[in-house]
Amino acid sequence: MNTTSLEGARQPGPDPAGPGRVVLLTTSHRVAPGLLSWPAWQALHAADRVLCADGAHPQLPYLREAGIAVDESAPTAEEVVDACAGGRTVVVVATGEGEPALTDGLARLAGSGRVRMPELELLPASYDLPGARLLDLVQVMDRIRVECPWSSRQTHEGLAKYGIEEAYELVEAIEAGDREELREELGDVLLQVVFHSRIAEEDPETPFSIDDVAGGIVAKLVHRHPHVFGDETAETPEEVKEHWLRTKDEEKRRTSVTEGIPLGQPGLALAAKLASRARTARLDVPLPKGEGVGYELLALAARAEADGVDPETALRAAARAYRDAVRAAEEARG
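Because the structure is predicted, anything quoted here is derived from the model rather than measured.

Asker: Give a description of the pattern of salt bridges that names residues and reports values.
Answerer: Inspection of the entire model under this criterion finds 16 salt bridges. Glu72 serves as the salt-bridge partner of Arg64, at 2.8 Å between the closest nitrogen and oxygen. Judged by relative accessible area, which is 48%, Glu72 ranks as partly exposed. A salt bridge links Arg198 to Glu202, with the shortest nitrogen-to-oxygen separation between them at 2.9 Å. Using a relative accessible area of 12% as the deciding quantity, one classes Arg198 as buried. In the salt-bridge network here, residues are joined through shared partners; they are Arg30, Asp128, Arg133 and Asp136.

Asker: Would you mind going over a nonpolar patch on the surface in detail, with residue names and values included?
Answerer: Taken together, the side chains of Ile217, Val218, Leu221, Val222, Val228 and Phe229 make up a nonpolar region of the molecular surface, amounting to roughly 530 Å² of accessible area. Elements with a minimum of two residues in the nonpolar patch: helix H8 (210-223) and helix H9 (226-229). With four residues, H8 is the largest single contributor of residues to the nonpolar patch. Relative to the helices and strands, Val218 is located in helix H8.

Asker: Residue-level account of the packing of aromatic side chains, with values.
Answerer: What the rule picks out here adds up to two aromatic pairs. For the pair Trp150 and Tyr162, a centre-to-centre distance of 6.3 Å together with 75° between the ring planes defines the contact as edge-to-face. With a gap of 12 residues between them, Trp150 in the loop between helix H5 (133-147) and helix H6 (156-176) and Tyr162 in helix H6 connect regions that are remote in the sequence. Accessibility expressed as a relative area gives 27% for Tyr162, which makes it partly exposed. Ring geometry for Trp150 versus Phe195: centroids 6.4 Å apart, planes at 65°, classification edge-to-face. Of this pair, Trp150 sits in the loop between H5 and H6 while Phe195 sits in helix H7 (residues 179-200), and the two are 45 residues apart along the sequence. On the basis of relative accessibility, which here comes to 5%, the residue Phe195 falls in the buried class. Geometry around Trp244 places Arg224 over its ring, the cationic atom sitting 4.8 Å from the centre.

Asker: Residues and numbers for the state of the cysteines, please.
Answerer: The final tally for this structure, using the stated rule, is zero disulfides. A disulfide-free cysteine, Cys52 has its sulfur positioned 16 Å from the sulfur of Cys84, the nearest such atom.

Calculation rules
Residues numbered from 1 in each chain as written. Predicted model: local features only at pLDDT ≥ 70, side-chain atom pairs only at ≥ 80, totals over all residues. Heavy atoms only, no water. Salt bridge = Lys/Arg side-chain N within 4 Å of Asp/Glu carboxyl O. Buried < 20%, exposed > 50% of the residue type's maximum accessible area, 1.4 Å probe, protein only. Patch = residues over 30% accessible without salt bridge, like charges linked within 9 Å, V, L, I, M, F, W, Y side chains within 5 Å. Areas by Shrake-Rupley, 256 points an atom, 1.4 Å probe, with all protein chains shown as cover. Helix = DSSP H or I, 4+ residues; strand = E, 2+ residues; numbered from the N terminus. Phe/Tyr/Trp six-rings, centres within 6.5 Å; stacked < 30°, edge-to-face > 60°. Lys NZ or Arg CZ within 6 Å of the ring centre and 35° of its normal. Disulfide = S-S within 2.5 Å.

All quantities given are derived from atomic positions and should not be read as evidence of function.
This is the structure in structure tokens:
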């Protein structure tokens, strides 16, 4: 079997007449050290000199294990240009800040027109995967929990009201159609999840972490989507919902379709959820008869749910229209 060694992948030797080449190698701290792209490894092994200003850079042990000599130094732009003289290649392993002093210095030299500049190349050696910034959020939350006088004293019970507030603010952003506000409110809701998870790590009896939370919801999603991850099929949203409720009942061992419905939610939403569960379970349950607006609203909510309308959302839209009418009347009255 033919194999190509790293030595065989080396670039041609330096051109004595050329200005050389500077490669700025960037890596992501969200990717495990040592997991670099093949072009990055090629550039490192072919380099005449490898520099890194940070002696504690997480990549250094892995580079040295691969036989790459790394100079722990922070040369100036002039020194780097001189090191490239004679067609040499210098690879700079960038720190987290991206070496702004060096790149600014190289830009000034290039703009002066008095220096023959080496070829400049930015080479990303590792890339963030989707969701990688969540790692930053976990790290920031961990530090805040330890160092912030307010955050370090919070409990699940004390934060509960903020979860409700943030959820309603998210709904308002969706209803308003404000994309920027939607992004921000989603972040606020996510913060509640990470904050509660961080607090939960400190429980002396039953601690759990954000990884446990994420692992639980992943397992739940896979189990409740047998038409995606298993052998079952679902062609319509209604069939998907049946899969979801059936697997949910298996998990929870519930004896009633009404179990798990939070009674503390707004009344119209509660009525619609009950009607939805009964309809999905193919239970023909007549609405209770009674006097008063409550029973009338129950009937309206059930009818809306059957027609595919969320009564809570519909009422909120009508309420916003009423609010606008009130404001218009106030302006007209002066």
